[in-house]
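Reading the structure
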Amino acid sequence: MTSHSFQHRHLLGIENLSTDDILTILNLADRFLEISERPIKKVPTLRGKTVINFFMEASTRTRTSFEIAGKRLSADVINVSSSGSSISKGETLLDTAMNLNAMKPDVIVIRHSSSGAAQFVSQYVDCSVINAGDGMHEHPTQALLDCGTIRKHKGRIEGLTVAIVGDVAHSRVARSNIHALRKLGAQVRVAGPMTLMPVGIESMGVKVFYRVEDALKDADVVIVLRLQKERQEDGLIPNTREYSRYFGINSSRLQLAKPDAIVMHPGPINRGVELASDVADGTRSVILDQVTQGIAVRMAALYLVAGPTSEEHDAR
Amino acid sequence: MTSHSFQHRHLLGIENLSTDDILTILNLADRFLEISERPIKKVPTLRGKTVINFFMEASTRTRTSFEIAGKRLSADVINVSSSGSSISKGETLLDTAMNLNAMKPDVIVIRHSSSGAAQFVSQYVDCSVINAGDGMHEHPTQALLDCGTIRKHKGRIEGLTVAIVGDVAHSRVARSNIHALRKLGAQVRVAGPMTLMPVGIESMGVKVFYRVEDALKDADVVIVLRLQKERQEDGLIPNTREYSRYFGINSSRLQLAKPDAIVMHPGPINRGVELASDVADGTRSVILDQVTQGIAVRMAALYLVAGPTSEEHDAR
Amino acid sequence: MTSHSFQHRHLLGIENLSTDDILTILNLADRFLEISERPIKKVPTLRGKTVINFFMEASTRTRTSFEIAGKRLSADVINVSSSGSSISKGETLLDTAMNLNAMKPDVIVIRHSSSGAAQFVSQYVDCSVINAGDGMHEHPTQALLDCGTIRKHKGRIEGLTVAIVGDVAHSRVARSNIHALRKLGAQVRVAGPMTLMPVGIESMGVKVFYRVEDALKDADVVIVLRLQKERQEDGLIPNTREYSRYFGINSSRLQLAKPDAIVMHPGPINRGVELASDVADGTRSVILDQVTQGIAVRMAALYLVAGPTSEEHDAR
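Description of the structure in this document.

Conventions we followed
Sequence order as written defines residue numbering, which begins from 1 separately in each chain. For this description, chains carry letters from A and ligands carry numbers from 1, given in the order in which they are written. The model is predicted, so local features are restricted to residues of pLDDT at least 70 and side-chain atom pairs to those at 80 or more, both for listing and for counting; the totals for chains, interfaces and linings are taken over all residues. For the side-chain quantities, the full set of heavy atoms in the structure was used; hydrogens and water were omitted. The rule for pairing is simple: two strands pair if DSSP sees at least two bridges between them. The way it works is that DSSP assigns letters per residue, a run of H or I at least four long becomes a helix, a run of E at least two long becomes a strand, and they are numbered from the N terminus. What counts as an axis is a line fitted to C-alpha atoms, over the stretch in contact for a helix, and the angles between N-to-C directions run from 0 to 180 degrees. With strands facing away from the observer, any crossover in which the path from the first strand over the helix to the second runs clockwise is taken as right-handed. Whether two residues touch is decided by their heavy atoms; if any such pair falls within 4.5 Å, the residues are in contact. One side-chain nitrogen of Lys or Arg within 4 Å of one carboxyl oxygen of Asp or Glu is enough to make a salt bridge. Any N or O atom pair separated by 3.5 Å or less is treated as a polar contact, with the protein-specific requirement of one donor-capable and one acceptor-capable atom, and with residues adjacent in sequence counted only for side-chain atom pairs. Three classes are used, and their members are as follows: Ala, Val, Leu, Ile, Met, Phe, Trp, Tyr, Cys and Pro are nonpolar, Asp, Glu, Lys and Arg are charged, and the others, Gly among them, are polar. For this overlay, a least-squares fit was computed on C-alpha atoms, restricted to residues scoring pLDDT of at least 70 in both copies. For a helix, the expected span equals 1.5 Å multiplied by the residue count minus one. Per-residue accessibility, obtained with a 1.4 Å probe over protein chains only, is compared with the maximum for each type, and a residue is labelled buried under 20%, exposed over 50%, and partly exposed between these values. The definition of a nonpolar core used throughout is a set of buried Ala, Val, Leu, Ile, Met, Phe, Trp, Tyr and Cys residues joined through side-chain atoms within 4.5 Å. Aromatic pairs are defined between Phe, Tyr and Trp rings, using the six-membered ring for Trp, whenever the two ring centres lie within 6.5 Å; interplanar angles under 30 degrees are classed as stacked, those over 60 as edge-to-face, and all others as tilted. We call a charge positioned above a ring when the Lys NZ or Arg CZ atom is no farther than 6 Å from the ring centre and deviates by at most 35 degrees from the ring normal. The term buried area denotes the loss of accessible surface (1.4 Å probe radius) that occurs when two parts are joined, taken as the sum for both partners. Orientation is classified from the angle alone, with under 35 degrees giving roughly parallel, over 145 giving roughly antiparallel, 65 to 115 giving roughly perpendicular, and any other angle giving oblique. Note on convention: near helix rotated counterclockwise from far helix by under a right angle means a left-handed crossing. Clockwise means right-handed.

Brief notes about the sheet that holds strand E3 (residues 107-112) of chain A
All names here are of chain A. The strand order E2-E1-E3-E4 describes an open sheet built from 4 strands, whose pairing is parallel. The sheet terminates laterally at strand E2 (76-81) and strand E4 (128-134), the two strands that pair on one side only. Across this sheet, the average inter-strand angle for adjacent strands is 15 degrees, counted without regard to direction. In this sheet, E3 lies alongside strand E1 (residues 50-55) in parallel orientation, the contact comprising 5 bridges. Of the residues in E3, the one forming a bridge with Phe55 is Arg111.

Given below as structure tokens:
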């Protein structure tokens, strides 16, 4: 795994990756996927590397996924979260980040509620930065694991029709997926209530639908977005029942998609709101495959930004 | 440590273990006990295995004990707790567990406030599950470490008289201990106020006492249960002082037990409530031995559910 | 790194260290500093040792620093913090500490809001104790990293004039630094409002100033203390703006110090309160060097209290 074409120090978003970059990550992830199936799920690749999981927003799955990914590569993984952190003592994001940087990590994995936080931090630190979700901007490893999951189940991404359904406006998952899927040659549709659809989203190369049925028609892949309950308080949806009635993905609506369409969700699921339980647990759901893929994609991301350089290899 | 008779994939409770199973764990724990005394407290046994400490109830000692146990066996240990977890985003227990399972751990150690949670999760996941306490049901590793501690100090368990004192009704520790001690041949007495004694407890093969003095008489072992302060708010005890007066274990009451009786407590102690400080810190207290034994028992439990199988050994 | 003159089992404070002890730690830290610059930032020195980070006060940087230090020495590091700990169930500090001790750690790193907590715990446990800050008493590793940073930038400490500015009364950082700097031969000045200056501080061998300008004059080093916002609520300062006006370190005040004076701060900084942003980010600031030094000093401290003894070396 020593030579690859990935030339970025950071993984900040999908937007600035080339199609080749994306494929490099997906191909490497495919090879890492197997490690998690072994009795001994560990390779020494990142031994002696320090990965800081810097999570300023609550998250189980993403933090845990990066932690397991790092440890399976033998990195030292250190979790830093907002509770109990200096941030609560009024320190700025940059000061906290520079402090962590001064501890000489190899990678800072950052999740933050502000769009652009990862990019901002990356301009100052010496280490690599991986964006684990920044506000409503990007969540690149989520899109990569989604693409990996699609490729695994469909054999390809080019030419597929992918429907992304729900709160597109507030979704970094949608944004990163649109970039990734478009670069890989899929046709992307987005569907949701007008109040949850960002103005000008068409410019990202997607087709917009305000009736979910139209978006689902003959789709190969349905990506269901999580509906934040706060949207109701914000007045953007009448209530979750109403939302579910018009945009929830249930088995009858899913009939409109191709017979072999797969259903995805970034989790955690609001069962009965954006996704009916029988679909979530049904044969077309690949939601748990996404989680498994997540470990492999994050191993690939950590490897590509922090793995041994060719010089290090030569020195051995 | 390659061959043993333990055939369970999970450790969910003591009730479904055979006497042989219990002895297998205790004997293995005795061998692991020594590792924690070495200058280099680490063996490579579980290298490359992933243990997720999934704690949905606050706990220092049990979580820390499993974490240290896992690390001394060279496993990768990942902590997931309720604060900052998806659970607070409304995800179901099963969804969270299945997500963790999809990350391909070898073991999920679970603590949860609902009785049956560990059993429930174990029916769905591919990995092993160790119950670290589920509601008022079972806390098997606590009972095992208690038995290990008794055996160390008394040389045997068969034929001993063990008095369990306190809030038996709400105690998973009591329940697991009754199962374990009965299977190992001890006579078990339980004592506590009527309001804290479960109906039909006699059917578990114990003698019930409502005067603690009667239960203590000639006992070899006294297991003092923690009194949750909430019991007062529940109206189950008048107040903690009153409780202490009638059921607290102090040095004068302890005179009723055998001269060489030992005193145990699962911790954390409410000093002056269920246990007087001079007893907790006295020569008969083996409370800190229990903690040391806990590491060894948890190493044994992790090893038995996740250790190398004979096929893996053969393959080496 | 096998022979050294450091004979203490614990690191509780600077007050009870000799000048030789301090130099031993600083010299060892200098050697460890290089490890964090390597591609493979890890040495096997403390493999199989257990370090418990027992933090009863919120802290990002100190906890993270000790965790990284321990992991770069290959120790197993376990974090125990107040949230989710038995302490919140009413357990005493000593009971929690003795429980941790019974898990056979090699080192307990303790941070606690009570002065004397580390010393207290050290009298009971079998393992080594490192004080990571106890109330208003001492924070020895902070002083050591400060001294290391000064020595790196100034080449020496003897004969330097060091001004410590701010809330001296409530600062364990000030107290530990005064001890360390005096033992190493520096002249130490303290400056701050009368309400934040402890009575009798002169007996520690420092000069007291109530006008910060007088303290800064010809200083080689300026250590700016963090101002806790609570001081305003306590009525000890009128408000933070007023404090800043009279005691804040800004570039015009810094002109009074030597032209090559360096500025330090233990972090987290209240920008615009005790320290102006242009100074914090300016060429004289060595604040981030302090953080880097912190890892090295904590590696040295962990090594000296828990590293291989000469017998262990002989046995190999």
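Moving on, there is more to tell.
Remarks on the pairing of strand E2 (residues 76-81) of chain C
Residues and elements named next belong to chain C. Sheet analysis places strand E1 (residues 50-55) next to E2, joined by 6 bridges and oriented parallel. When the bridges of E2 are listed, Ile52 appears paired with Ile78. With respect to chirality, the unit in which E1 leads through helix H2 (residues 61-72) into the neighbouring parallel E2 is right-handed.

Looking at the interface of chain A and chain C
With 27 residues of chain A at the contact, the number on the chain C side is 26 residues. Seen at the junction of chain A and chain C, the total is 5 salt bridges. Between Glu37 of chain C and Lys104 of chain A there is a salt bridge, with the nearest N and O atoms lying 3.7 Å from each other. The tally of links between chain A and chain C comes to 13 residue pairs in polar contact (both at pLDDT 80 or more). If you list the elements that add at least two residues to the side of chain A that touches chain C, you get E1, E2 and helix H3 (93-102) of chain A. Partitioned by chemical class, the residues of the side of chain A that touches chain C number 9 nonpolar, 8 polar and 10 charged.

Structural notes on the relation of the copies chain A and chain B
With an RMSD of 0.0 Å, chain A superimposes on chain B once it is rotated by 120 degrees and translated 0.0 Å along the axis. A rotation of that kind, with that shift, is consistent with a three-fold axis.

Quick word on helix H2 (residues 61-72) of chain A
Its 12 residues give H2 of chain A an end-to-end C-alpha distance of 16 Å, which sits within 8% of 16 Å, the value for a rise of 1.5 Å per residue. Residues Arg61, Thr62, Arg63, Thr64, Ser65, Phe66, Glu67, Ile68, Ala69, Gly70, Lys71 and Arg72 of chain A constitute the buried set of H2 of chain A.

A short note on the nonpolar core
Residue and element names in this part refer to chain A. Grouped together as the largest cluster of nonpolar side chains are 87 residues, with contacts concentrated most on Ile164 and Leu181. A total of 12 residues in this core trace back to one element, the largest contributor, which is helix H12 (residues 287-306). Here Ile164 is in contact with Ala174, Asn177, Ile178, Leu181, Val188, Arg189, Val190, Ala191, Ile223 and Leu225, once residues within four sequence places are set aside.

Focus: the packing of aromatic side chains
Geometrically, a pair of aromatic rings is defined through the distance of the ring centres and the angle of the planes. Under the counting rule described, the total for this entry stands at 9 aromatic pairs over all chains. Their ring planes at 65 degrees and their centres at 5.4 Å tell us that Phe120 of chain A and Tyr124 of chain A sit as a pair that is edge-to-face. Classification of Phe120 of chain A as partly exposed rests on a relative accessible area of 32%. Given the relative accessible area of 40%, Tyr124 of chain A is considered partly exposed. Aromatic pair Phe32 of chain B and Tyr303 of chain B: ring centres 5.9 Å apart, planes at 65 degrees, arrangement edge-to-face. In this pair, Phe32 of chain B sits in helix H1 (residues 19-33) while Tyr303 of chain B sits in helix H12 (residues 287-306), placing the two residues 271 residues apart along the sequence. With respect to burial, Phe32 of chain B and Tyr303 of chain B carry one shared label: buried. Here the guanidinium or amino end of Arg298 of chain A rests over the ring plane of Phe66 of chain A, the centre of that ring lying 5.0 Å away.

Some points on the sheet that holds strand E9 (residues 262-264) of chain B
Residues and elements named next belong to chain B. Read from one edge of the open sheet, 5 strands run E7-E6-E5-E8-E9, paired in parallel fashion. Taken across any chain shown, the strands that pair with only one partner, and hence form the sheet edges, are strand E7 (207-209) and E9. The average angle at which neighbouring strand axes cross in this sheet is 20 degrees, direction not considered. Most of the contacts of helix H6 (residues 172-183) go to strand E5 (residues 161-165), to which it runs at about 170 degrees, and overall it touches E5, strand E6 (187-191) and strand E8 (221-224).

Looking at the pattern of salt bridges
Residues and elements named next belong to chain A. Summed over the entire model, instances satisfying the criterion amount to 60 salt bridges over all chains. Of the charged contacts in the structure, one is a salt bridge between Lys154 and Asp260, with a shortest N-O distance of 3.4 Å. One end of the pair, Lys154, is in helix H5 (residues 140-154); the other, Asp260, is in the loop between helix H10 (251-254) and strand E9 (262-264), and 106 residues separate them in sequence. Taking the relative accessible area as the measure of exposure, Asp260 reaches 46% and is therefore partly exposed. Bridged by salt links that share partners, the residues Arg211, Glu213, Asp214 and Arg253 form one connected network.

Here we look at the interface of chain A and chain B
Listed by partner, the interface residues are 26 residues for chain A and 27 residues for chain B. Each partner contributes to the roughly 2400 Å² buried at the junction of chain A and chain B, and carbon and sulfur atoms together form 52% of this total. The interface formed by chain A and chain B contains 5 salt bridges. At the boundary of chain A with chain B, the tally comes to 13 residue pairs in polar contact (both at pLDDT 80 or more). Breaking the side of chain A that touches chain B down by element, the ones donating at least two residues are H2 and H12 of chain A. It is H2 of chain A that provides the largest number of residues to the side of chain A that touches chain B, a total of 8 residues.

Let's talk about H6 of chain B
Residues and elements named next belong to chain B. The terminal C-alpha atoms of H6, which comprises 12 residues, lie 17 Å apart, in line with the 16 Å expected from a rise of 1.5 Å per residue. The buried fraction of H6 is high, at 10 of 12 residues. When H6 is considered as a whole, its buried residues turn out to be Arg172, Val173, Ala174, Arg175, Ser176, Asn177, Ile178, His179, Ala180 and Leu181. Of the residues that open H6, the one with a side-chain oxygen 3.2 Å from the backbone nitrogen of Val173 is Ser171. Within two residues after H6, Gly185 carries a phi angle of roughly 95 degrees, on the positive side.

With respect to the packing of H5 of chain A against H12 of chain A
Residues and elements named next belong to chain A. Remark: H5 packs on H12, axes separated minimally by 8 Å, with the N-to-C direction vectors making an angle of 120 degrees. Judged by the angle between their axes, H5 and H12 are oblique. For H5 against H12, the interelement crossing comes out right-handed. Within the contact between the two elements, H5 uses Thr141, Gln142, Leu144, Leu145, Asp146, Gly148, Thr149, Lys152 and His153 and H12 uses Asp289, Gln290, Gln293, Gly294, Val297, Arg298 and Ala301. Looking at side-chain class alone, the contact of H5 with H12 contains 4 nonpolar, 8 polar and 4 charged residues.

Section: the environment of Ala261 of chain B
Residues and elements named next belong to chain B. With respect to the helices and strands, Ala261 occurs in the loop between helix H10 (251-254) and E9. The exposure class assigned to Ala261 is buried, which follows from its relative accessible area of 1%. Separated by 87 residues in the primary sequence, Ala261 and Ala174 place their C-alpha atoms 18 Å from one another. With near-sequence residues (within four places) excluded, Ala261 lies in contact with Lys154, Ala219, Asp220 and Arg284.

Structural notes on the side chain of Ser176 of chain C
Looking at the secondary structure, you find Ser176 of chain C in helix H6 (residues 172-183). Residue contacts for Ser176 of chain C: discarding those within four places in its chain leaves Ile14, Glu138, His139, Pro140 and Ala143 of chain C.

Comments concerning the packing of helix H1 (residues 19-33) of chain A against H12 of chain A
Residues and elements named next belong to chain A. With their axes 8 Å apart at the nearest point, H1 and H12 run at an angle of 115 degrees to one another. Considering only the axes of H1 and H12, their crossing is right-handed. Residue-level inspection shows Thr24, Ile25, Leu28, Ala29, Asp30, Phe32 and Leu33 of H1 in contact with H12, the latter providing Thr292, Gln293, Ala296, Val297, Met299, Ala300, Tyr303 and Leu304. Of the residues that constitute the contact of H1 with H12, the class distribution is 11 nonpolar, 3 polar and 1 charged.

What about the environment of Ser203 of chain B?
Residues and elements named next belong to chain B. As for its placement among the helices and strands, Ser203 is situated in the loop between E6 and E7. On the basis of relative accessible area, Ser203 is assigned to the exposed category, the value being 69%. Here the side chain of Ser203 touches Gly200 through a polar contact of 2.7 Å, landing on its backbone oxygen.

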